Every structure is written in C-alpha cells, then in structure tokens.
Amino acid sequence: MKVRSWRFYAVCVALILAIIYILPSFQPGLWPYKTINLGLDLQGGMHLVLDVEVEKALESTMERRTYELRDQLRKERIRYTSVRQLPDGSIAVRLADTADANAFSEFHRKEFPDMTMRRHTVDQDIEFRFSISAEEKAHIEKMATEQALETIRNRIDEFGVNEPDIRIQGERRITIQLPGIEDPERAKDLIGKTALLEFKIVDDSYDVQDALDGRIPPGTELLYEIRRDAFGQETGRIPYLVKRRAVLTGASLTDARVQVDSQFNEAYVSISFDRQGARQFERITGENIHKRMAIVLDNNVYSAPVIQDRISGGSARITGSFNMESARDLAIVLRAGALPAPVRIIEERTVGPTLGAESIQKGLLSMMVGGGLVLLFMAIYYKGAGLMANLALVLNILFIASALAAFGATLTLPGIAGMVLTLGMAVDANVLIFERIREELRLGRSPIAAIHAGFDRATLTILDANVTTLIAALVLFQFGTGPVKGFAVTLCLGVLSSMFTALVMVRLIFDFLYDGKHKPVTQISI
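Here, residues in each chain are numbered from 1, in the same order as that chain's written sequence. In view of the model being predicted, local features appear only for residues whose pLDDT reaches at least 70, and side-chain atom pairs are presented and counted only at 80 or more, with totals across whole chains, interfaces and linings using the full set of residues. The basis for the side-chain values is all heavy atoms of the structure; hydrogens and waters are excluded.

The UniProt record annotates "transmembrane region" (unreviewed entry) at residues 7-26, 363-382, 389-409, 415-437, 458-480 and 486-510. Annotated as residues 7-26, this span is 100% helix and 0% strand, and its ends, taken at the C-alpha atoms, are 28 Å apart. Starting at the N terminus, helices and strands are each numbered in turn, a helix being any DSSP run of H or I of at least four residues and a strand any DSSP run of E of at least two. Secondary structure content for residues 458-480 is 96% helix and 0% strand, while the C-alpha to C-alpha distance between its ends is 32 Å. UniProt positions are given in the numbering used here, feature names are shortened, and annotations may be inferred rather than shown by experiment.

This brings us to the environment of Ala246. Turning to its location among the elements, Ala246 is positioned in the loop between β11 (234-243) and β12 (248-249). The rule is simple: take the accessible area with a 1.4 Å probe, protein chains only, and divide by the maximum for that residue type; under 20% is buried, over 50% is exposed, in between is partly exposed. Of the residues examined, Ala246 reaches a relative accessible area of 22% and is grouped as partly exposed. On a C-alpha basis, the gap between Ala246 and Phe199 in space is 5.5 Å, while along the polypeptide they are 47 residues apart.

Relative to strand β16 (residues 300-303), strand β10 (residues 220-228) runs parallel, the two sharing two bridges. Looking at the pairing, Tyr224 lines up with Asn300 of β16. Pairing of strand β15 (residues 293-297) with β16 involves three bridges; the strand directions are antiparallel. When the bridges of β16 are listed, Ile295 appears paired with Ser303. Taking the residues that link successive antiparallel strands as the turn, the β15-β16 hairpin has two residues, and the phi of Asp298 there is positive, at about 55°. For two strands to pair, DSSP has to find at least two bridges joining them.

Turning next to unusual backbone geometry. Phi at Arg77 takes a positive value of approximately 60°, unusual for a residue other than glycine. Among the structural elements, Arg77 can be located in the loop between α3 (54-75) and β3 (80-85). What makes Arg77 exposed here is its relative accessible area of 77%. In the Ramachandran plot, Asp298 falls in the positive-phi region, its phi being about 55° despite a non-glycine side chain. Secondary-structure assignment places Asp298 in the loop between β15 and β16. For Asp298, a relative accessible area of 23% gives the class partly exposed.

Our focus in this paragraph is the sheet that holds strand β14 (residues 267-273). The strand order across the open sheet formed by three strands is β13-β14-β17, and the pairing between neighbours is antiparallel. The two strands at the open ends of the sheet, each matched to only one other strand, are β13 (253-260) and β17 (315-318). Each neighbouring strand pair of the sheet contributes to a mean axis angle of 25°, computed without reference to strand direction. Pairing analysis gives seven bridges linking β13 to β14, with the strands arranged antiparallel. Bridge pairing in β14 links Asp255 to Ser272. Helix axes are fitted to C-alpha atoms over the stretch in contact, other axes to C-alpha atoms as well, and angles between N-to-C directions run from 0 to 180 degrees.

Bringing the sheet that holds β10 into the picture now. Reading across from one edge, β11-β10-β16-β15-β9-β12 is the order of the six strands in this open sheet, with mixed pairing throughout. Only two strands of the sheet have a single neighbouring strand rather than two, namely β11 and β12. Taken together, the nine bridges between β10 and β11 define a ladder with antiparallel strand orientation. Directly across from Arg228, in β11, lies its bridge partner Glu234.

Right, let's talk about the packing of aromatic side chains for a bit. For any two aromatic rings, the description comes down to two numbers: the centre-to-centre distance and the angle of the planes. Within 6.5 Å between ring centres, the rings of Phe, Tyr and Trp (the latter by its six-membered ring) count as paired, and their orientation is classed by plane angle as stacked under 30 degrees, edge-to-face over 60, tilted in between. If you walk through the whole model with that rule in mind, you get 16 aromatic pairs. Between the aromatic rings of Phe455 and Phe510, the centroid separation amounts to 5.6 Å while the plane-to-plane angle is 75°, which identifies the pairing as edge-to-face. Taken together, the positions of Phe455 in helix α12 (residues 447-479) and Phe510 in helix α13 (residues 483-513) put the pair 55 residues apart, joining distant regions of the chain. For the pair shown, Phe455 and Phe510 are each scored as buried. Plain terms: the ring middles of Phe510 and Tyr514 are 5.9 Å apart, the flat faces sit at 35° to each other, and that makes the pair tilted. In terms of burial, Phe510 and Tyr514 fall into one category: buried. Aromatic ring contacts, followed pair by pair, group Phe377, Tyr381, Tyr382, Phe434, Phe455, Phe510 and Tyr514 into a single cluster. Throughout this description, the term charge over a ring refers to an Arg CZ or Lys NZ atom that lies within 6 Å of the ring centre and within 35 degrees of the ring normal. The ring centre of Tyr224 lies 5.9 Å from the NZ or CZ of Arg237, which sits over that ring.

On to the pattern of salt bridges. Here a salt bridge means any side-chain nitrogen of Lys or Arg lying within 4 Å of a carboxyl oxygen belonging to Asp or Glu. Evaluation of the coordinates by the stated rule reveals 38 salt bridges. The closest approach of N and O atoms between Arg172 and Asp51, which form a salt bridge, is 3.0 Å. On the criterion of sequence distance, the pair formed by Arg172 in the loop between β7 (165-169) and β8 (173-179) and Asp51 in strand β2 (residues 45-52) is long-range, its members being 121 residues apart. The exposure class of Arg172 is partly exposed, given its relative accessible area of 28%. According to the relative accessible area criterion, Asp51 is buried, its value standing at 6%. In this structure, the salt-bridge partner of Glu127 is Arg94, at a minimum N-O distance of 2.9 Å. Of this pair, Glu127 sits in strand β6 (residues 125-132) while Arg94 is found in strand β4 (residues 91-95), placing the two residues 33 residues apart along the sequence. In terms of burial, Glu127 and Arg94 fall into one category: buried. Beyond isolated ion pairs, a larger network of salt bridges with shared partners links Asp51, Glu53, Glu55, Arg172 and Arg344.

See below:
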C-alpha cells in the first residue's frame, strides 16, 4: 500500500478537520467554535418580512431641508413670506421682495447646490421651488433600507437572539429569521418600533380643550400620553398641545440604561447625550424654565415634566408607566438608534419548538430508514466492496455535518432532504465504479487492473454528473431564499463530499486491501 500517497494525507486531513468542527455540536464548550445552526423549521422561531416605507424617509428629508432653508434665509437676511412643502414633496419659497431674486439665486448655488430650483409665477408672485433629483431620491431610499437593516440588527443583538438571519430582499424589504425566540410579540414590538425620540416644548398658552375640539393653533400638534397599569393595560390618555418642531432629538444620544427610582421603586430609563447634545439640552432647559418639556417617542408622550432649572451634565431620565421589561426594551431601541423610516410587517410565520422537534425527529427517521436500506442493499449486492461504500457513506454524513458547522451554515428541514438526496448520489458514484470493475473482470482482466480501469473510466462520468448538479445547487443558493437556500447548501456540500469519498476514500481502501505486494490478488469481493 502506498501509505504516503496524496490520498492518504487528504483523507487524514479531512477526518481530523471533520472531527474538530463536529465535536462542539455534540459537546458544546469543548472548544470555542460554532455548532450546527438549526433553522426555524427545526428549532422553532419567527420569520418576518418587513417593508421599509422609504417614502417616509424622503418626506423626513424634505421636512428637514425646509427647516434648514428657513434658518439659512434668516442668517443671510433674505426676507420671505412663506417657505412650505408642496404635496409633490418639493419646497416652495416666496420672497417678500422680488428685488432679492438675484441674491436668492446666489444663495441657492452657495447653500443648496444639490437641489434643483425652478422659478414659477403664482398669483402674480414669484415662487421658487426646490426639489431633489431622481438619483438623490434613489440614494435616500437605498440608505433608508440599509440603515433600517443595521438598526434592526443592533436591536436584535441587544435583545439576545442567537444566530439571527437578517438580510435585505429586493430594494425595500428586509427578511428576518429569529430561531428559538420565545416571545414573538415582544420581538415584533422591538423590531417595528421607529424609536424617534424628540423633546418638544408644551404650549400652555392655548387651551387644550380647544385643540381637542379641532382648533389646533398653527405650529403646534396634539399628542397623547398613554397611561398603563402594572399589567400593561391602558388606563387613560392625557392630551398635550406641543410645539410641532422638536428642540432636540435622540440623534445626540450616547447611552440609555434602565434604572430604578429608590424613592418610588419605579423603573425609568436614564439617557446620556454627547457633548453637543449636552450643550443643547442645557441651553434649551435654561431658556424654558417653568415650562413643560414633553419627551416624545414615536409621537407618544412618555412624560412632560416642568423644567425647574437649567440642566447641565448631559443626562436626563424618561419616566412613565414602565415595568422592567418595557423599560429594558425602550433602552434597547434608544441605544440601537431610530429607524430612518417606519417598517411594516407584510409576512409573518411562527414555528413552535414542539413542531420543530417533531420535524427533527421525522427528518432523522427518514435519514435512518433511507440510509439503512441503502447500506443493506450495498452490503448484499456488492459484498466487500459494498461495505467499503457503506463506510464512505457514513463518513459522507460526517463531512457534511462538520462542513455545516465550519461554515456556520443553517440546517433546515429541506437541508435534511438534501442530505438524504446526497446519500443516494454518493451510492450512485460507488455503483458506477463497482459496475465498471465488474465489467473489466468479465473481460478477463486481473483484479488489480480491473480496479484501476474501473476507477479511471468511472471518474469522468462521476465528475460530469456531479458538476451539473453542483451548478444547479449554486443557482438555487444564489437566487433562492430561506428553506430553498438551506437545501442548496446541503446539496452543494453533499455533492463535494460524495465525490471525495467515492473517488479518494474508497480508492484508498481498495489500494490498501488489494495492493498485491504481500500476496497475489486472485479475486475481489465485489
């Protein structure tokens, strides 16, 4: 036997690597490496498809530009009668004096070169309309989806889900798979919350009842604080009339932690600002002493305390009807940051852990029954050679499982089907080799010559058949999603493993048993 042939070393390396990667799956913590990930259909969990409402991101961008436009016009001392958003999303500016038109054009080139400006005549007045290009719109939409993905990923990481699968699908959709999640409703609430934190001054100069009757003063809006009991049930709503423009947002937030008030034993969220946010917060509180500041999250007022004094230090607290769980979730979404646009759940599937365990049991049973029948057939029909093929078949499963662990791939129920399919393909390769060897023996060749000829002539056929299957599996992996992708992964690994075991490992066993160096080979058990 050529113990130092390249096949010997290749098999040794493959076996050592397979054992290294597969052991943590059976003995977690043995060494720090990943175990085989089970998909939603095997361990239970939640599958969500979210639609990112990118048009809201465009609206927010144009609203922010409107405020910037007003501020810059004041700084440049260009007088205007109105700056407003139009229904088509563009911004219309009317100057108080048409003599400022040239100065305004220069202002546009200097301050807002990325926006196109057109001049219109409306009611005998000159109106300048600002809009953004189609390329800029596409960029904002793309960035909104990507930022939403990162924000959701941060929230799920903080939530503590093992091996979540989060990815962009198409232009504005995000698919999320959360295996092993125990509280789907809480997870959905955590993921779907926009978490836009704003600080708004309460306008106490108007009667709230007038606003409730529909007479809302310009520049203000009506928001509500929802009161809940200890069980999370809504007990009432308190209306607040607040300034529409936020004096500070959560963009300056650096940290959010759950704390417990030692006096009232109530949970609250302590937040910290960065240096710029701290300066802004100190200035705002200093300018609005004895006024109420509403802390608003996603258009819901959490609290509206009266500002007693200038607050320095860059920290504040959000109080409300919290329990520890809701306070922790709020801290998570604040730390992860706000979504750039709201998201909407358009597809939802939840698989229970019991159903997942049943799927594993049935999948393993199908593998054992199918594999057992194949092993029995090979041992009876091909005798000693069949036992070699059976050994290769068992090692084939070991290689596939270890490869799944090594690449961090996820095993799904269709993935188990892919493994069963590759068992059949692995046997098919051995059947081709053994039948070739039998043909050579019937033609009168010696056993060793028949073995060499059988492997040589079957190799090309096996490669052709497996490469075409591999191409199909790669296409499935590239364009498939979810279970289809899981099937493609195990099929790819199975094809590669079956070729290795049939052409390298079985050949090595043949070379070991029938080398002819110690005694002449007169027959082969095949």
